[in-house]
Amino acid sequence: MRARAWAAAAVAVVLVSGSGCTDEPEAAVPTGTSGDGRAIYLDRSYSPQERAVDLVSRMTLAEKVAQLVSSQSAALPRLGITAYGWWNEAAHGVAREGTLHDANPPTLVNTTSYPVDLSLGATWNPDLVHRQATLISDEAREVVRDNRLDLNFYSPTVNLARDPRWGRNDEAFSEDPLLTAALAAQFVNGMEGKDRSGRLRPESGGYLKTSTTLKHYAANNSEFDRLRGTAEMDDRTLREYYTAQFREVVERSSPASIMTSYNRVNGVPTSASGYLMAELARQTFGFDGFFTSDCDSIREIQHGHRWQPAGHPAPLDHVERHAFANAAGEDLNCQQGYHDQWSYANTLPEAIARGIDTPYGRYTEEHVDASLARLLTTRIRLGEFDRPEDVPWVTAARSRVAAGTWTNSDANGAVTQTPDRLAMAREVGAESIVLLKNEARRNRSGAGNPVLPLRVPAAGPYRVAVLGHYANPPSMYLGGYSSIQASAGQANEVNGYQGLKAAIQRINPGAVVDHLPGVTRNSLAEVDPASVAAAADYDAVIVYAGTDERHSREDVDRRDLELPGAQESLISQVAARNPNTIVYLETVGQVDVTAFEGAVPAILWSSHNGQRKGEALADVLLGARNPSGRLPFTWYRDAGQLPPIDDYAIRGGDGRPGRTYMYFDGEVSYPFGHGLGYSEFGYATLRVDRRSVDANGTVRISVDVTNTGRRPGAEVVQLYAGTPGAPAAKERPAKRLAGFEKVTLRPGQTRRVAFRVPVADLAFFDERAGRWVVDAGTYSFQVGRSSADTDRRLRATVTVGGALRPALSVVTATAPTLVSPGTVLSPKLTIAMTDDTRYGYRAEGASTPLPAGATVRYRSNRPQVVAVDGSGAIRAVSIGVATVTATVSYRGVSRDTEFVVGVR
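Criteria and cut-off values
Residues numbered from 1 in each chain as written. Predicted model: local features only at pLDDT ≥ 70, side-chain atom pairs only at ≥ 80, totals over all residues. Heavy atoms only, no water. Helix = DSSP H or I, 4+ residues; strand = E, 2+ residues; numbered from the N terminus. Contact = heavy atoms within 4.5 Å. Lys, Arg positive; Asp, Glu negative; His and termini not counted. Charge placed at Lys NZ, Arg CZ, Asp CG, Glu CD. Salt bridge = Lys/Arg side-chain N within 4 Å of Asp/Glu carboxyl O. Buried < 20%, exposed > 50% of the residue type's maximum accessible area, 1.4 Å probe, protein only. Pairing = 2+ DSSP bridges. Phe/Tyr/Trp six-rings, centres within 6.5 Å; stacked < 30°, edge-to-face > 60°. Lys NZ or Arg CZ within 6 Å of the ring centre and 35° of its normal.

### So, the overall build of the chain
Argument step 1. Counting secondary structure elements, the chain contains 20 helices and 40 strands.
Argument step 2. Here the C-alpha coordinates of the chain stretch approximately 95 × 65 × 50 Å along the principal axes.
Argument step 3. Expressed as a percentage of contacts within the chain between residues at least 6 apart in sequence, the contacts between residues at least 24 apart total 74%.
Argument step 4. Of the side-chain charges in the chain, 97 are positive and 102 negative, and the distance between the mean point of each set is 6 Å.

Structure, rendered in structure tokens:
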């Protein structure tokens with residue numbers, strides 16, 4: 001998503017005020033669906049969807065399309081609608097609010113900045129992610145306008161870190177779909193005011209706290225070509241890898257929205273892909289929120305991709321691009337970023353007048369109505385149209401920060417950077433640090449203790465040098481999509497040098513802790529010889545190396561995995577002078593460590609680690625926190641081991657290496673899941689509840705884990721599944737993460753860790769059959785400390801037989817949003833099975849009969865408005881709104897879906 005500001009030469013013609021968007025005469029003001037003057041959209045006895053449809057029914061076409069843009073959607077005073085900024089940011093702390101018309105959202109000042117997603121990924125701790133996201137959403141409610149507006153956040157990023165050169169790896173949680181989904185689902189739940197099971201918390205009053213946006217859907221993992229490139233892959237790769245985490249988060253937490261990406265997938269721009277939005281996300285995954293474009297990915301359909309759909313006489317023009325996107329399912333047009341003067345607000349009426357034919361039917365006002373109903377449903381669920389005193393999230397925020405007192409300037413005094421939020425930033429930062437290496441030092445009597453944790457004497461001489469630009473920079477780099485820390489916020493920051501000095505001198509007030517530049521400040525270009533010479537005279541040396549936005553960011557990929565500038569040389573030179581050299585890497589992702597790995601006894605890593613990063617580092621180095629971070633990615637040795645960054649294949653072949661721990665078979669610096677601590681853990685008594693299982697069954701696996709060390713510590717118990725006997729032609733992964741659990745144990749304590757693995761979760765997508773299948777044969781289950789076979793602690797095998805029996809999974813139904821009395825409705829009904837086979841309506845002009853034995857029953861909650869007769873015929877009877885429920889039953893399983901009809 002585009003972050004930087006752009007010139008706004010011709011933007012003024014884009015309607016956001018609600019005053020009209022065409023030269024045609026304004027239509028008469030609609031009277032709505034109540035029929036008696038009542039405003040159903042303000043009546044809490046109706047569902048949010050019903051209220052939204054009533055509100056849509058009261059708007060003219062010009063007013064409707066002015067609501068479908070993000071920066072900002074129009075104010076409509078006659079209906080009590082305030083201008084609304086849909087584009088807000090909270091990737092690792094609330095950071096931007098869309099308070100401006102036709103402009104990128106201003107960056108917020110002095111809000112709490114937590115560790116980035118990749119650091120969260122290294123915690124392998126979904127509960128911690130949920131707690132951090134809960135605090136972010138609390139702060140969001142405190143700082144947004146009136147505590148009730150601009151509450152949709154373009155977060156989290158769930159694209160997978162499949163290539164370390166990607167410029168936005170710090171925004172990813174992991175290279176693995178299962179780990180990413182487990183963490184991102186809890187980010188969504190915490191942000192939206194839900195518990196860890198995805199249910200609204202009791203104190204919510206039934207309202208969302210914020211609404212989140214999963215991004216970027218899909219396969220958008222290279223910056224250099226993201227506006228014009230296409231991610232080419234087979235459907236198996238798309239299903240098993242690039243959309244798997246989106247699907248899982250939808251199932252676990254039902255996020256409010258999904259953002260389509262800039263790129264094409266197999267030649268079709270994602271922002272105009274009915275396959276991705278309608279067929280996969282809605283009909284197959286069960287997504288029921290709204291889609292938003294990236295900013296401005298709809299523009300790029302024309303300008304970047306110059307897309308000419310099959311059978312279309314020419315590339316799409318500025319009107320057609322918007323019609324094709326909206327018809328495909330793109331509800332909201334983020335019309336800033338790479339923008340021009342055209343948007344939904346000033347093109348959709350013309351598209352309707354032209355009657356543009358799209359792959360998803362002729363473009364009509366019904367497409368607008370359906371999108372607007374979804375958007376307004378979200379705003380109603382957030383409490384915007386109800387009394388503030390009736391919305392618990394509003395009253396709670398105002399009890400913490402008085403209504404109207406927060407200002408987006410340093411004058412706010414960083415009041416929302418509360419002690420508990422700063423403590424959370426420190427806790428997450430410490431738990432994210434991965435101890436990659438910790439060797440014993442040799443002394444005169446032989447092998448000594450590992451270099452970490454540092455043993456600081458309580459008194460007497462003790463000298464520590466902290467080297468490197470990033471240890472004590474003029475201003476801390478906090479990662480992309482960060483808030484601005486002005487003077488009040490800076491007062492709450494703790495950089496690496498400050499944190500280490502304060503912690504060491506708390507133990508030994510007489511200790512000397514010096515910062516040495518190490519390399520040329522800012523440019524990093526040259527080693528400082530004086531720093532290297534001085535390093536020899538310290539009891540311990542910590543070289544703090546890193547990356548920042550100059551080396552990778554949105555729009556900029558890394559060309560290689562080298563540490564920028566002379567930092568690698570600095571480490572090698574210092575290690576040659578002082579054997580007690582510790583390296584801390586705070587980077588966008590993995591870097592090449594081969595030049596110095598053998599010369600230093602200890603290496604630690606995290607990604608950009610929040611505004612209390614110095615305290616977090618000190619906690620780990622000094623042993624106040626036993627490190628428990630684990631790598632959420634494969635640490636390749638160098639970029640030469642990887643295919644080109646725009647190669648989106650995951651499986652290797654024809655001389656091309658595979659990607660991720662699942663398919664890469666070369667030598668790595670550190671495996672996926674790797675991380676050390678100050679305690680050792682023993683594994684014993686692996687139990688599998690059965691040695692053979694049907695494809696529709698479940699395997700239960702348990703193992704005893706014991707802390708055999710002298711310190712309390714946390715172990716990430718990792719379960720991997722493989723099919724060692726599968727034929728090479730099937731291109732199965734070496735192993736896949738099948739489960740994990742982070743357990744904290746006292747010295748000597750043992751805990752039995754149990755995993756439940758449905759065999760169906762181990763299925764592969766069969767592209768020719770168009771469904772998921774389970775391989776018959778032997779499956780191996782490996783429990784250990786990482787994905788490496790050398791870290792395998794215990795292993796068991798299970799024989800799988802039989803075939804999946806597909807069961808009813810997802811039911812969707814669509815019908816016109818607004819109709820007249822007497823209209824007979826014929827819903828477009830789709831059912832998806834657990835193996836992803838679909839029946840019923842699939843796409844325009846493409847339907848499949850329901851499976852034999854499936855039954856469909858419709859019922860209306862207000863038969864006086866919409867009636868369902870004994871034969872199942874649905875007819876609009878009188879003015880009002882009604883919810884129609886479709887119940888599909890098949891082989892003993894029933895699933896419901898609802899659609900709302902407004903009759904006017």
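The structure having been displayed, the exposition proceeds.
### Quick word on the pattern of salt bridges
Argument step 1. Applying the stated criterion across every chain, the model contains 68 salt bridges.
Argument step 2. Between Lys209 and Asp138 there is a salt bridge whose closest N-O contact spans 2.8 Å. Residue Lys209 is found in the loop between α5 (177-192) and β2 (211-217), and its partner Asp138 is found in helix α4 (residues 126-143); the two are separated by 71 residues along the sequence. Asp138 carries the same exposure label as Lys209, and that label is buried.
Argument step 3. Between Arg785 and Glu715 there is a salt bridge, with the nearest N and O atoms lying 2.8 Å from each other. Here Arg785 is found in the loop between β28 (777-784) and β29 (792-801), whereas its partner Glu715 is found in strand β23 (residues 713-722), with 70 residues between them in sequence. By the burial criterion, Arg785 is buried, and Glu715 matches it.
Argument step 4. Within the structure, one salt-bridge network assembled from shared partners comprises Arg44, Arg51, Asp386, Arg387, Glu389 and Asp390.

### Some points on the sheet that holds strand β3 (residues 230-231)
Note on sheets: strands pair through backbone hydrogen bonds, and any given pair is parallel or antiparallel.
Argument step 1. Strand order in the open sheet formed by three strands is β3-β5-β6, and the pairing between neighbours is mixed. Both edges of this open sheet fall to β3 and β6 (268-269), since each of them pairs with a single strand only.
Argument step 2. Relative to strand β5 (residues 264-265), β3 is paired through two bridges, and the arrangement is parallel. By the bridge assignment, Ala231 is partnered in β5 with Val265.

### Examining the packing of aromatic side chains
Argument step 1. In this structure the tally under the stated criterion is 22 aromatic pairs.
Argument step 2. Summarising the aromatic geometry, the rings of Phe287 and Phe291 are spaced 5.2 Å apart at their centres and angled 70° between planes, so their arrangement reads as edge-to-face.
Argument step 3. Between Tyr661 and Tyr720 the ring centres are 5.8 Å apart and the planes differ by 75°, which places this aromatic pair in the edge-to-face class. One end of the pair, Tyr661, is in helix α20 (residues 660-663); the other, Tyr720, is in strand β23, and 59 residues separate them in sequence.
Argument step 4. For Tyr661, a relative accessible area of 8% gives the class buried.
Argument step 5. Judged by relative accessible area, Tyr720 falls into the buried class, the value being 1%.
Argument step 6. An aromatic cluster is built from Trp124, Tyr661, Phe672, Tyr720 and Phe740, whose rings are joined through pairwise contacts.
Argument step 7. Taking the ring centre of Tyr648 as reference, the NZ or CZ of Arg162 above it sits at 3.9 Å.

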